[in-house]
2 protein chains.
Amino acid sequence: MTGKSPAAETLCPVARTEAVVGDRWTVLILRELFMGGHRFEEIQAQTGATPQMIAARLKTLEADGLVERRVYNKRPLRHEYHLTEKGEAFHPVLLALRAWGEMWCKSPDEGVAVHYTHRPCGQPAGVGTVCESCGHPLRRADLVAEPSPAYRAEREARWEAFKGVR
Amino acid sequence: MTGKSPAAETLCPVARTEAVVGDRWTVLILRELFMGGHRFEEIQAQTGATPQMIAARLKTLEADGLVERRVYNKRPLRHEYHLTEKGEAFHPVLLALRAWGEMWCKSPDEGVAVHYTHRPCGQPAGVGTVCESCGHPLRRADLVAEPSPAYRAEREARWEAFKGVR
DNA sequence: ACACTACCTATGAAAATCATAGTGTCAAGT
DNA sequence: ACTTGACACTATGATTTTCATAGGTAGTGT
């Protein structure tokens, strides 16, 4: 972590949370896990962090119980990183970060990075934390994600660039 | 910022948001502003950050349009820091951080730091991002905050300790 | 034997952060 | 006039983190 001791000694839940995830890379790693990237190299390629940064963050995320390592291949031993229940519970934060980013950090000509459909009502969910069509709060299980072509291309390009450099 | 350039060059709204507020002190400063602390010293006392950290973060928050300086006293010139509309719009993120912290970073014997009443329904709002009584999404304007005695005492103690050292 | 994949570690330079102390500007008290 | 005190920072040097770059291990495929 990035200096958790002082912040953890408080009743404030925001400070406690920040003591665990108050770091750009940590949040980006969680985003990647939520997006379905579970391998070290995928995380590295899509976040742009150095291997040590990722290794260190994954270690603390595991220690803090947000992430678990799963063996997907013995010989050679290979791991995937998956969200635990505690990690999954972090989703509303990412949703709120996304909402703010889409609303306040984009020029009008840039589209939404990921389009969500709200399963219960079958309509677009919009960029807020509640469904713009039916008004219900958005839960992860109810969302069908569809990345925009531009965003998909960006991620693809990142992966190619990473493989090229390696 | 803590290195905004690489993260800002993406369509991902989460990464863009993190480029602005991806830093523990920044989030803690915003929390303090939302809690009603508007003076430099209040922020310093309640966050525990050093003056440079706060000065630097406030400067970038102002440059990014989340915070505005207001003169509350000429001779000697004194400023207060207030959230802009863009800063106020960040509230759902803090609410989500709070929810996660209350749910996953507390032992059972620790109470909730701030008790919210949901004005529209008059009932307790709980610790989630939707009202536990009526199910509606929580908006800042609808919440009446009541800090717990313990949390109030903690903040009071921090202020006293700060004044003592100064 | 040789290349290749996946997952990290190692190293040294650069940058951020920290604790601690100090400065500037004014008002108010004595 | 002179000290005290409030507020909002700024300065400094040590410590810690982060970064870029490179290397390394344990295997598979050819």
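What you see is a predicted model, and the numbers here were worked out from it, not measured in a lab.

Peer 1: What should I look at first to understand the packing of aromatic side chains in this one?
Peer 2: Working definition: an aromatic ring pair is given by the centre-to-centre distance plus the angle between the planes. Evaluated as defined, the whole model comprises four aromatic pairs over all chains. Geometrically, the ring pair formed by A:F90 and B:W100 is edge-to-face, given 5.4 Å between the ring centres and 90° between the ring planes. Here B:W100 lies in helix α7 (residues 91-104) and A:F90 lies in the loop between α6 (85-88) and α7 (91-104), a pairing that spans two chains. Across this residue pair, the class does not change: A:F90 and B:W100 are buried. Ring geometry for B:W159 and B:F162: centres 5.9 Å apart, planes at 25°, overall stacked. In this pair, B:W159 and B:F162 are both assigned in helix α8 (residues 149-165), three residues apart and thus about one turn of the helix distant. Sitting above the plane of the B:W25 ring, B:R24 keeps its charged end 4.6 Å from the centroid.

Peer 1: For this particular structure, what's the right way to read the nonpolar core?
Peer 2: For soluble globular proteins, the rule of thumb is that nonpolar side chains tend to be buried together. By size, the foremost hydrophobic cluster in this structure holds 76 residues, and its most contacted members are A:L30 and B:L30. Ignoring sequence-local partners within four residues, the contact set of B:L30 consists of B:V21, B:L61, B:L66, B:L83, B:F90 and B:L94.

Peer 1: Looking at this structure, I do not really get the sheet that holds strand β3 (residues 114-118) of chain B. What am I missing?
Peer 2: Strands pair in a sheet through their backbones, by hydrogen bonds, and they do so in one of two ways: parallel or antiparallel. Residues and elements named next belong to chain B. One open sheet accounts for three strands, arranged β4-β3-β5; its pairing is antiparallel. If you trace the sheet from one side to the other, it starts and ends with β4 (123-124) and β5 (143-147), each paired once. Where β3 meets β5, five bridges bridge the pair, whose relative direction is antiparallel. By the bridge assignment for β5, T117 is matched with V144. Against the sheet, α7 contacts β3 and β5, and its axis sits at roughly 125° relative to β3.

Peer 1: In this structure, what is going on with empty space enclosed by the protein? I would like to understand it.
Peer 2: One water molecule sets the probe size; rolling that probe over the atoms shows where empty space is left. For the structure shown, the criterion picks out four cavities of 30 Å³ or more. Its volume calculated, the largest cavity comes out at about 120 Å³. Only α2 (13-21) and α7 of chain A together with α2 (13-21) and α7 of chain B provide two or more residues apiece to the lining of the largest cavity. Tallied by class, the residues present in the lining of the largest cavity amount to 10 nonpolar, two polar and four charged.

Peer 1: Could you clarify how one ought to interpret the sheet that holds strand β3 (residues 114-118) of chain A in this entry?
Peer 2: Residue and element names in this part refer to chain A. Spatially, three strands are ordered β4-β3-β5 in an open sheet, and the strand pairing comes out antiparallel. Sheet topology places β4 (123-124) and β5 (143-147) at the edges, where each strand pairs with a single neighbour. On top of the sheet, α7 reaches β3 and β5; it is set at about 125° to β3, its chief contact.

Peer 1: In this structure, what is going on with the state of the cysteines? I would like to understand it.
Peer 2: Every disulfide links exactly two cysteines, by a covalent bond between their sulfur atoms. For the coordinates displayed, the defined rule picks out zero disulfides over all chains. Here A:C12 is not disulfide-linked; the sulfur of B:C105 is the nearest cysteine sulfur, at 11 Å. Of all cysteine sulfurs, the one in B:C131 lies closest to B:C134, which takes part in no disulfide; the gap is 3.7 Å. The partly exposed category is assigned to B:C134, whose relative accessible area is 30%.

Peer 1: Sorry, what's going on with the domain arrangement of chain A here?
Peer 2: Accessible area lost during the coming together of the parts is what is often quoted as the interface size. Residue and element names in this part refer to chain A. Taken as a whole, chain A is organised into domain 1 (1-89) and domain 2 (91-166). The C-alpha-based centres of domain 1 and domain 2 are spaced at 20 Å. Each side of the interface is counted separately: domain 1 has 14 residues, and domain 2 has 11 residues. Buried surface at the junction of domain 1 and domain 2, summed over both partners, amounts to about 1,200 Å²; 56% is from carbon and sulfur atoms. At the junction of domain 1 and domain 2, the tally comes to two salt bridges. E32 is the salt-bridge partner of R155, the closest N and O atoms lying 2.6 Å from each other. For the pair domain 1 and domain 2, the number of links is six residue pairs in polar contact (both at pLDDT 80 or more). The set of elements that each furnish at least two residues to the side of domain 1 that touches domain 2 consists of α3 (24-35), α4 (40-47) and α6.

Peer 1: How should the pairing of β3(A) be read in this particular structure?
Peer 2: The side chains of a regular strand alternate between both faces of the sheet. Residue and element names in this part refer to chain A. In β3, alternate side chains face the same way, and those of V114, Y116 and H118 are buried while those of H115 and T117 on the opposite face are not. Strand direction decides the pairing type here: β3 and β4, joined by two bridges, are antiparallel. When the sheet's bridge partners are listed, H118 is paired in β4 with Q123. In this structure, the hairpin formed by β3 and β4 is closed by a connection of four residues, where G122 is found at a positive phi of approximately 70°.

Reading guide: rules and limits
Residues numbered from 1 in each chain as written. Chains lettered and ligands numbered in written order. Predicted model: local features only at pLDDT ≥ 70, side-chain atom pairs only at ≥ 80, totals over all residues. Heavy atoms only, no water. Phe/Tyr/Trp six-rings, centres within 6.5 Å; stacked < 30°, edge-to-face > 60°. Helix = DSSP H or I, 4+ residues; strand = E, 2+ residues; numbered from the N terminus. Buried < 20%, exposed > 50% of the residue type's maximum accessible area, 1.4 Å probe, protein only. Lys NZ or Arg CZ within 6 Å of the ring centre and 35° of its normal. Core = buried A, V, L, I, M, F, W, Y, C linked by side-chain atoms within 4.5 Å. Contact = heavy atoms within 4.5 Å. Pairing = 2+ DSSP bridges. Axes fitted to C-alpha atoms, helices over the stretch in contact; angles between N-to-C directions. 1 Å grid on protein atoms, 1.4 Å probe; cavity = no way out; pocket = protein on both sides within 12 Å on 5 of 7 lines; lining within 4 Å. Points joined across faces, edges and corners; volume = space filled by probe spheres on them. Nonpolar A, V, L, I, M, F, W, Y, C, P; charged D, E, K, R; others polar. Disulfide = S-S within 2.5 Å. Domains from an automatic or database assignment. Buried area = accessible area lost by both parts, 1.4 Å probe. Salt bridge = Lys/Arg side-chain N within 4 Å of Asp/Glu carboxyl O. Polar contact = N/O pair within 3.5 Å; in protein donor to acceptor, adjacent residues only side chain to side chain.

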